[in-house]
Amino acid sequence: MTALGNDGIVTIFVNAAQTVTCAGPARARRGTEMQDADVRRGCGVAVQGDRIVGVDADDALRRRFPGAREIDCEGGLLAPGFVDSHTHAVFGRARYEEHELRATGVPYLEIARRGGGIHASVRDLRARTDDDLFALAVPRLRTLAAGGVTTVEIKSGYGLTVHDELRSLRVIARLAAIGGLHVVATCMGAHEVPMEYRDAPDGRRTWIDCLTGELYPAVAAEGLAAFADVFCEPGVFDVAETRHLLAAAAALGLRSKLHADELHDGGAAALAASIDAVSADHLAAISPAGVQALARSRTVATLLPATMLFLGTGRQAPARALIDAGAAVAVATDFNPGTSPLQSFPLVLTLAVSELRMSASEAWIAGTVNGAAALGLAGTTGQLAEGFRADLAVHAVDDFRALPYWFGERLCTLAWAGGRACHPSW
Ligand code: NIG
Ligand code: FE
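Residues numbered from 1 in each chain as written. Chains lettered and ligands numbered in written order. Predicted model: local features only at pLDDT ≥ 70, side-chain atom pairs only at ≥ 80, totals over all residues. Heavy atoms only, no water.

A. Molecular detail of the overall build of the protein chain. When helices and strands are counted, the protein chain shows 17 helices and 18 strands. Here the C-alpha atoms of the protein chain give a radius of gyration of 21 Å, agreeing with the 22 Å that 2.2 N^0.38 yields for 426 residues. Taken along its principal axes, the extent of the C-alpha atoms in the protein chain is 70 × 45 × 40 Å. Taking all 426 residues of the protein chain together, the buried fraction comes to 62%. A sequence separation of at least 24 residues applies to 73% of the contacts in the protein chain between residues at least 6 apart. Summing over all exposed atoms, the protein chain offers an accessible surface of approximately 15100 Å²; the carbon and sulfur share of this is 53%. (Helix = DSSP H or I, 4+ residues; strand = E, 2+ residues; numbered from the N terminus. Rg over C-alpha atoms; globule rule 2.2 N^0.38 Å. Buried < 20%, exposed > 50% of the residue type's maximum accessible area, 1.4 Å probe, protein only. Contact = heavy atoms within 4.5 Å. Areas by Shrake-Rupley, 256 points an atom, 1.4 Å probe, with all protein chains shown as cover.)

Next up, the structure:
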């Protein structure tokens, strides 16, 4: 089908009960700045090509763009598309067995020690074809879009050989090329030390050398990723190894992200701040010193409340302490087969309010502007404002607080990414 809005004609979205624009500075919002999602009434949005060309009263837009095509929001909520800045959406099978194992008391890292967890997904991915991985991922992106997501970051990290990491990243490149969601790729070859290296003498060293000497240069040469990410966690990669890996990646132009202090505090948040990482993600076990370090840095603190909920840890990252200290907080799904098989961004907003104790405005900013900042995209993405990418969604509610409130409902009726429909069809 012809994608609406991509033919140069202006389209205006009218008749919204509320419009949550998240408009403001084109950068991460920190601390008290997150309190203002700029919610307006009677406000429409005009789109031309892949850009927003007007945000104003419906009638003002009609006067400014005579002959524009109109899309009726039917008294719903008009909002920026969500930026899901942390997913592992390219994987094979689900891992139902671990969900039950954890319920009986076996911890996540113990399952990995026994060769399950990430290793189970690695064995599975290596046995699959590229076409299979691509075909499995497409409907997942459509499901994310059905919740109003218009930008998605996808990490590799279930290949854990140079060959299989590159295959995963090429699948991500194919997903980017089909023109549905805006896809951002991250190389996460440092997701784990692969089983075949784990018990070998010098195995860790060999894998780390392989990442810095082979994988990162190949990824950079082929332009396959914007970021490198490391699982910096006691028992996985320590702070010194993470610093070394991310420095090597940065020298090749891959910007830094970290899975930081997810289950235990290992000083990863402070490392992220010290190397000016674009984001430090998880942070459920962050120390008070880590909170202060992030608050003083430019690094976005990306919180993944669905992961802690699904792991059944009974803990969450200290979102209030982070925001109150002046940090920039984003939220994301962490969509993956082990710790967060969640494809609903609106549910993340619910968890942001109910579990992380954020206000609805803070949750909206965290899922839009700050998600974009966590991908280095705050200059173009995450706001309904002139000149920004035409990434927007309509939800069948009349109040911005209603999306986190009516949890578990499917309320997104329409989404456009880059000026093209991505839900209900692309
Ligand atoms: O973000 N913590 C490491 N990585 C993922 C989980 C990956 C998996 O268990 O497959 C996470 O939680
Ligand atoms: Fe993750």
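B. Spotlight on the sheet that holds strand β5 (residues 51-57). The strand order across the open sheet formed by four strands is β5-β4-β1-β6, and the pairing between neighbours is mixed. If you trace the sheet from one side to the other, it starts and ends with β5 and β6 (69-72), each paired once. Taking each pair of neighbouring strands and ignoring which way they run, the sheet shows an average axis angle of 25 degrees. Note: strand β4 (residues 43-48) against β5, six bridges, orientation antiparallel. Looking across to β5, one finds that Gly 44 is bridged to Asp 56. (Pairing = 2+ DSSP bridges. Axes fitted to C-alpha atoms, helices over the stretch in contact; angles between N-to-C directions.)

C. The coordination of the iron ion (ligand 2), seen in detail. For the iron ion (ligand 2), the full set of protein donor atoms is His 86 (NE2), His 88 (NE2), His 259 (NE2) and Asp 334 (OD), at a range of 2.1 to 2.3 Å. Written as a sequence motif, the donor residues of the iron ion (ligand 2) are H-x1-H-x170-H-x74-D. Linking His 88 in the loop between β8 (82-84) and α2 (96-103) with His 259 in strand β12 (residues 255-260), this pair joins segments that are 171 residues apart in sequence. Relative accessible area serves as the criterion here: at 3%, His 259 is assigned to the buried category. (Donors = N, O, S within 2.8 Å, 3.2 Å for Na, K, Ca; no water.)

D. View of the environment of Thr 11. Along the chain, the position of Thr 11 falls in strand β1 (residues 11-14). Under the relative-accessibility criterion, Thr 11 is labelled buried at 0%. Taking the C-alpha atoms as reference, Thr 11 lies 9.2 Å from Gly 67; in sequence the two are 56 residues apart. Among the polar contacts listed, one links the side chain of Thr 11 to the side chain of Arg 69, at a separation of 3.2 Å. (Polar contact = N/O pair within 3.5 Å; in protein donor to acceptor, adjacent residues only side chain to side chain.)

E. The side chain of Asp 391, seen in detail. Along the chain, the position of Asp 391 falls in the loop between α16 (369-373) and β16 (392-395). Here Asp 391 falls in the buried class, since its relative accessible area comes to 4%. With residues up to four places along the chain from it excluded, the contact list for Asp 391 reads Ala 79, Pro 80, Gly 81, Thr 150, Thr 151, Thr 381, Leu 384, Trp 416, Ala 417 and Gly 418.

F. Representation of empty space enclosed by the protein in the model. All told, the structure shown has three cavities of 30 Å³ or more when counted by the stated rule. Estimates place the volume of the largest cavity at around 90 Å³. Residue lining of the largest cavity: 13 residues in total, with His 88, Tyr 108, His 191, Asn 336 and Thr 339 positioned closest to the centre. Broken down by class, the residue content of the lining of the largest cavity amounts to four nonpolar, six polar and three charged. When its volume is computed, the second largest cavity comes out at roughly 40 Å³. His 282, Ala 284, Leu 303, Leu 304, Pro 305, Met 308, Gln 316 and Ala 317 are the residues that line the second largest cavity. Considered class by class, the residues forming the lining of the second largest cavity number six nonpolar, two polar and no charged. (1 Å grid on protein atoms, 1.4 Å probe; cavity = no way out; pocket = protein on both sides within 12 Å on 5 of 7 lines; lining within 4 Å. Points joined across faces, edges and corners; volume = space filled by probe spheres on them. Nonpolar A, V, L, I, M, F, W, Y, C, P; charged D, E, K, R; others polar.)

G. Fine view of unusual backbone geometry. Of note, the amide linkage connecting His 423 to Pro 424 takes the cis form, showing an omega dihedral of 5 degrees. Tracing the sequence through the fold places Pro 424 in the segment after β18 (420-423). Of note in the backbone geometry, His 282 takes a positive phi value of approximately 90 degrees without being a glycine. Relative to the elements of secondary structure, His 282 occurs in strand β13 (residues 279-282). Overall, the relative accessible area of 4% leaves His 282 in the buried class. Although it is not a glycine, Asp 334 adopts a positive phi angle of roughly 60 degrees. Secondary-structure assignment places Asp 334 in the loop between β15 (329-331) and α14 (345-354). Given a relative accessible area of 1%, Asp 334 falls into the buried group.

H. View of the packing of helix α6 (residues 162-177) against helix α8 (residues 203-222). It is at 10 Å that the axes of α6 and α8 come closest, and there the two elements cross at 30 degrees. Two packed elements cross with a definite hand, and for α6 against α8 that hand is right-handed. Facing α6, whose interface residues are Val 162, Glu 165, Leu 166, Leu 169 and Arg 170, α8 presents Trp 207, Cys 210, Glu 214, Leu 215, Ala 218, Val 219 and Glu 222. When its residues are assigned to classes, the contact of α6 with α8 shows eight nonpolar, no polar and four charged. (Left-handed = near helix turned anticlockwise from the far one by under 90°.)

I. Spotlight on the layout of surface pockets. Here the largest pocket is characterised by a volume of approximately 350 Å³. Lining the largest pocket we find 17 residues, and of these Arg 255, Ala 277, Val 278, Arg 298 and Ala 373 sit closest to its centre. Taken together, the residues of the lining of the largest pocket sort by class into nine nonpolar, three polar and five charged.

J. How the structure looks around the sheet that holds strand β7 (residues 77-80). Pairing in this open sheet of six strands is mixed, and the strands run β3-β2-β7-β16-β17-β18 from one edge to the other. Lying at the two open borders of the sheet, with one neighbouring strand each, are β3 (39-40) and β18.

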